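Residue-level listing of the chains:
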Amino acid sequence: MGVALGGAVTVQCRGRHQNARFLLCKDGNPIALRDVEPAGDVTQFPIHNVSRRDAGSYSCYYRSKSDPPVWSYPSDPVELVVAELPAPGPSISVRPSGMIALGGAVTIRCQCRCKARRLFLYKDGIEIRELNDDGDRGEFTIPIARREDSGVYSCRSRSRSEPPNWSDPSDYMQIVVAELRYPKPSISLRPSAGVTLGGAVTVWCRGRHQNMRFLLHKFGNPNVLQDVVLAGNVAEFPIRNVSRRDAGSYRCYYRSKSDPPVWSEPSDPVELAIAEGTNPDGLQEPHPPPTEPAGEAAPPRHLDFTHANIARLVLSAMVLLVLGLILAEAYYSLAWVQGDMGPSNPPSLFTPRNLDLARGRMTDGLNWGERRRGAVSPLFNSCLLLKAGHEFLKPTIWVSPSRVVALGRNVTIRCEGQDLGMEFVLCKAGHPNQQVQSVVPEGKMAEFPIASVGQEDGGSYTCYYHSITDQSRWSFPSNPVEIIVGEPSYPKPNISGIPSRGVSVGEAMAIWCRRQRQGVRFVLNKEGRHFPPVDSDGFGAVFPISNVSREDGGSYSCSYHSRSEPFAVSDPSDPVELVVRDPSLPRPNISLSLTGVMAPGADVTIRCQGQRQDVRFFLYKAGDLNPQQHMDPGGAGAEFRIPSVGRQQEGNYSCSYRLRSEPFVSSQPSEPVKLVVAEPTLPNPSFHPSREVSLGGSVSVRCQGLHPGVRFVLNKGGRHVAHVDTERLEFVFPINNVQREQGGNYSCSHHSRSEPFTEWSDPVELVVRDPSLPRPNISLSPTGVTAPGADVTIRCQGQCWDVRFFLHKAGDLNPQRHTAPAGAGAEFRIPTVGRQHGGSYSCSYRPRSEPFVSSEPSEIVQLVVLEPSYPKPNISGIPSGGLSLGAAVTIWCRGQHRGVRFVLNKEGRHYPPVDSDGFEAVFPISNVSREDGGNYSCSYHSRSKPFAVSYPSDPVELVVRGAWIWPRKEANILGDKLLSHGVLRRQHNPPPAPKHPCLGESSPTTASDLTATPQD
């Protein structure tokens, strides 16, 4: 049940008895919210002006009015989800225009019809700053534009309250910063007398230079509509089948083909107005009209269309004549094949002379120079199957991950038949070789990968297959699938509409694909399925599925692209799964290992029992969109263990299962079971000296109470391990000579001596470090200072398998993240790095069989993030001619911020940082040595945020004069002694035998001349 923030909803409760008292309860609140005494057996509990705190799980009871009362069982819970709709996106504008000369100034303005909201500016999808708000708008000025300021800008707003409510993004505005040397071109429309809906118009752009690239822009659209490379100086941009969305103001530019390019100034704008009828004033010339270069005649302003219409009629007649010839050719070709071709002689279209199966490609097709019986006419340059009486059903063809693909990306065309022992052939319409590629797969599906897609890979593809043993037995061709290739100009869309818990067989649903762009073509992608594209004049498209079947289950994504060439495309959306619930699969049963109210920190097991083998079980919690856990058991049941239950695990659980042969087909969920956890009222236990203790060490657990004269109980995993009666408000339980099995979740409780009442704390984890587990290695990719928005991966590599890795950040008590990889290493990805991610990181691992036993932490790596608001400093003070040995030098580093910490950088050398209250810092070197020579740079950062730094300065080189370099011979000094008279002698001490990386045992060696001695 969902309701928008600020809306109204009514909870209705129906009982089985009249004249009873009804009570409404909400999970997490032990007191009834309301109680009502209706006259009948139904009552209503209205909730007006819904807020976020109203979200949660509700249930109701009823009771008799007698004393003592008789109570009903609680109702099944109902979940109330409060949704906050995004605010409308702000508007964005640029002054003076989106084409800026190098060193020029540009101002970006964001404005929203809102109050008390914050405005943020984005560049290429990455937040770059919060705008200073002035009521409902904010501005950002680039006073001296650089090439790196080019990009696509947008705005979003968010509420000042928490949790934040973000708006939709604004339109996208492209800014190009370039060298503007060329004079502006002239622009005009042809015809200029008028254009109606469905007509055609051409935008003419005339420059002052030859051999240029011309580009056409429309106001409000950040993308280039069309671009043309010419040998001359006039470009034509045709707009066919004119629609209302084509109306607007157009400009054109031209630029050189060099890198970086030199641009012209933008042309004056020309307005394209669409007339509903034949209004001759629908198109207007720019004011003033474009000027033509001297010596060139201007094109006529008014055209006579009579001759053009006659030419069109003649051309149409010729097209009809050619089509008739093609049909006649097809008829005779088909007759030849059907009349003369025996079962052992397939059409020559499918018997190429040189088929290289090892490489999976056709290297030669038909010889069109010979006109022989059974050959197909060269007019049919496509993948036609002309043999009468096909014996196999047509295959299914699809493109993965999407048939809308950006230049340089990888795609795979998959073709699936229904028979084994087949050779699959891929065809492309218009390709010089009819059969582009051939593959003999092991199963029923063939894959045709295309690496680094180019423009030539776009087009329509089909596939078919034939028997390997009898090549006269062919399938029908598949339906065609079209691959759209274009520049990656659009951001990826959002996909929605698929219920997280699945859809039952026979139900109807709709999948939405949305993006802040109008007038594009949307494509829905699913493995093994082809959906027709949808053209949308709005911001999204709907793909309905009216009668859901088992085959509809799977992973979906969507893409979109421009409708005309050259195509501009998006990347696919994030995938979403559609799970189809089949009522014919029996519901599983669910149960809890412990009943009643659970103590915090107790070990709880949820059992799910089905009736089928070879299935995967899924555990769900009410209110969570995604499954809590999934498991592949060996039998017909699964156990989901919650090792240390807390209040966050409280709720209603259900389970379901899916067939491994059909991973997107699910049973109906089980009946719910409720897990109730006692509310903690005591302070959490504390460990001294730390929550992590080495094997054999000592640790003490401190429990605090609320009342004197109670019995303190120390619990581990929900079970009592020690207790004491005391008059104090706290007690310390010592644990000496800590062993591996003493790691776990500890909680405190105390019992009142006068009343049978127990109060609990939340559990706290004690981890035992085992020095025999090898320390893992940690690395950062990329290394060095990281730009905001970059994709960073922290890798942790151990030597043991079947472990769980934990990532730690200095200053945080709890691990940042953990993962359970299949191998001996793990990757922790930070997809969009921000200032909050800067810091010192380490990692450790724990065996899965001993979840509270850990390795020692790795060494530390530092993630340092660039601060975009800090310009790079200047470095000076090093003489360009170099310095003599023993001289003194002072290196200066100057920034643009006061009160920061300056750092001097040199490869292989560490200098202490310098805090400065001014704009600069000094790094003196009093006695220059050979080691001081090298490249230096400097940077600075805030004293309170040491991991958000400026860009480094440009490097400068320090050259040390008079540094004698003595030749020396490299020697491996491992196990050697250099005697005083200069003779190298080798010690014959064998190296210690390596320890087993996970067990700490010595590995045996087979070398006969070595003796291995285990060492601790």
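Each remark here, short or long, concerns the structure printed above.
What you are looking at is a predicted structure, and each value in this text was computed from that prediction instead of being measured. (Residues numbered from 1 in each chain as written. Predicted model: local features only at pLDDT ≥ 70, side-chain atom pairs only at ≥ 80, totals over all residues. Heavy atoms only, no water.)

A. Looking closely at the overall build of the protein chain. Within the protein chain one finds one helix and 85 strands. Looking at the protein chain alone, contacts between residues at least 24 apart form 64% of all its contacts between residues at least 6 apart. Accessible surface, the protein chain as shown: approximately 54600 Å² in total, 51% of it carbon and sulfur. (Helix = DSSP H or I, 4+ residues; strand = E, 2+ residues; numbered from the N terminus. Contact = heavy atoms within 4.5 Å. Areas by Shrake-Rupley, 256 points an atom, 1.4 Å probe, with all protein chains shown as cover.)

B. Representation of the sheet that holds strand S37 (residues 509–514) within the structure. The three strands lie next to each other as S35-S37-S41, forming an open sheet whose pairing is antiparallel. Pairing within the sheet leaves two strands with one partner each, and these edge strands are strand S35 (494–496) and strand S41 (540–545). Across this sheet, the average inter-strand angle for adjacent strands is 15°, counted without regard to direction. (Pairing = 2+ DSSP bridges. Axes fitted to C-alpha atoms, helices over the stretch in contact; angles between N-to-C directions.)

C. Expanded view of the state of the cysteines. Across all of its chains, the model carries nine disulfides by this definition. Note on cysteine connectivity: cysteine 205 is disulfide-linked to cysteine 252, with sulfurs 2.0 Å apart. Disulfide cysteine 205-cysteine 252: the torsion about the S-S bond is 80°, which places it as right-handed. Taken as a pair, cysteine 205 in strand S18 (residues 201–206) and cysteine 252 in strand S22 (residues 248–255) lie far apart in primary sequence, 47 residues in all. For the pair cysteine 205 and cysteine 252, a shared accessibility class is recorded, and that class is buried. (Disulfide = S-S within 2.5 Å. Buried < 20%, exposed > 50% of the residue type's maximum accessible area, 1.4 Å probe, protein only.)

D. Representation of the pairing of strand S16 (residues 173–182) in the model. Burial runs high along S16: seven of the ten residues are buried. Of the pairings in the sheet, the one linking strand S9 (residues 99–101) to S16 comprises three bridges and is parallel in character. Bridging from a neighbouring strand, isoleucine 100 pairs with valine 177 of S16. As judged from the three bridges shared by strand S15 (residues 151–159) and S16, these two strands associate in the antiparallel manner. Bridged to glycine 151 within S16 is isoleucine 175. Sheet analysis places S16 next to strand S23 (residues 262–264), joined by three bridges and oriented parallel. Bridge assignment links tyrosine 182 to a residue of S23, and that residue is serine 264.

E. Structural view of unusual backbone geometry. In this structure, the amide linkage connecting serine 400 to the following residue, proline 401, adopts the cis form with an omega of 5°. Looking at the element boundaries, proline 401 is found in the loop between strand S27 (396–400) and strand S28 (404–406). Each neighbour pair has its own omega, and for histidine 688 with proline 689 the value is 10°, a cis peptide bond. With a phi angle near 55°, asparagine 19 is a residue other than glycine that sits in the positive phi range. Examined against the element boundaries, asparagine 19 turns out to sit in the loop between strand S2 (9–14) and strand S3 (21–26).

F. Representation of the sheet that holds strand S32 (residues 445–450). Taken in spatial order, the three strands line up as S27-S29-S32 in an open sheet, and their pairing is antiparallel. Lying at the two open borders of the sheet, with one neighbouring strand each, are S27 and S32. Recorded for the sheet is a direction-independent mean angle of 20° between the axes of neighbouring strands. Taken together, the five bridges between S27 and strand S29 (residues 411–416) define a ladder with antiparallel strand orientation. When the bridges of S29 are listed, valine 399 appears paired with isoleucine 413.

G. Seen up close, the environment of glutamate 692. You can see glutamate 692 is positioned in strand S56 (residues 692–694). Linking glutamate 692 and valine 768, residues 76 residues apart in sequence, is a C-alpha distance of 5.8 Å. In this structure the side chain of glutamate 692 is engaged in a polar contact, spanning 2.3 Å, whose partner is the side chain of arginine 769. (Polar contact = N/O pair within 3.5 Å; in protein donor to acceptor, adjacent residues only side chain to side chain.)

H. Representation of the pattern of salt bridges in the model. One pass over the full model with this rule turns up 32 salt bridges. The partner of glutamate 148 in a salt bridge is arginine 146, with the nearest N and O atoms 3.3 Å apart. Taken together, the salt bridges that share partners define one network made up of Arg21, Glu37 and Lys65. (Salt bridge = Lys/Arg side-chain N within 4 Å of Asp/Glu carboxyl O.)

I. Highlighting a nonpolar patch on the surface. Residues Ile310, Val314, Leu315, Met318, Val319, Leu320 and Leu323 make up a contiguous nonpolar surface patch of about 680 Å² in total accessible area. Within the secondary structure, leucine 323 sits in helix H1 (residues 306–340). In this structure leucine 323 comes out as partly exposed when scored by relative accessible area, which is 45%. (Patch = residues over 30% accessible without salt bridge, like charges linked within 9 Å, V, L, I, M, F, W, Y side chains within 5 Å.)

J. Up close: the side chain of serine 761. You can see serine 761 is positioned in the loop between strand S62 (758–760) and strand S63 (764–769). For serine 761, a relative accessible area of 0% puts it in the buried group. A polar contact is formed between the side chain of serine 761 and the backbone nitrogen of cysteine 748, at a distance of 2.9 Å. Not counting residues within four places of it along the chain, the set of residues in contact with serine 761 comprises Pro600, Pro680, Leu682, Pro683, Asn684, Pro685, Ser747 and Cys748.

K. Here's a closer look at the packing of aromatic side chains. The tally for this structure, following the rule as stated, stands at 17 aromatic pairs. Each ring, one from phenylalanine 214 and one from tyrosine 254, has its centre 5.4 Å from the other, and the planes form 35°; the classification is tilted. With phenylalanine 214 in strand S19 (residues 213–218) and tyrosine 254 in strand S22, this pair connects stretches of sequence that are 40 residues apart. Exposure remark for phenylalanine 214: the relative accessible area of 0% places this residue in the buried category. Directly above the aromatic system of tryptophan 204 lies the positively charged group of arginine 190, at a separation of 4.1 Å from the ring centroid. Taking the ring centre of phenylalanine 618 as reference, the NZ or CZ of arginine 658 above it sits at 3.9 Å. (Phe/Tyr/Trp six-rings, centres within 6.5 Å; stacked < 30°, edge-to-face > 60°. Lys NZ or Arg CZ within 6 Å of the ring centre and 35° of its normal.)

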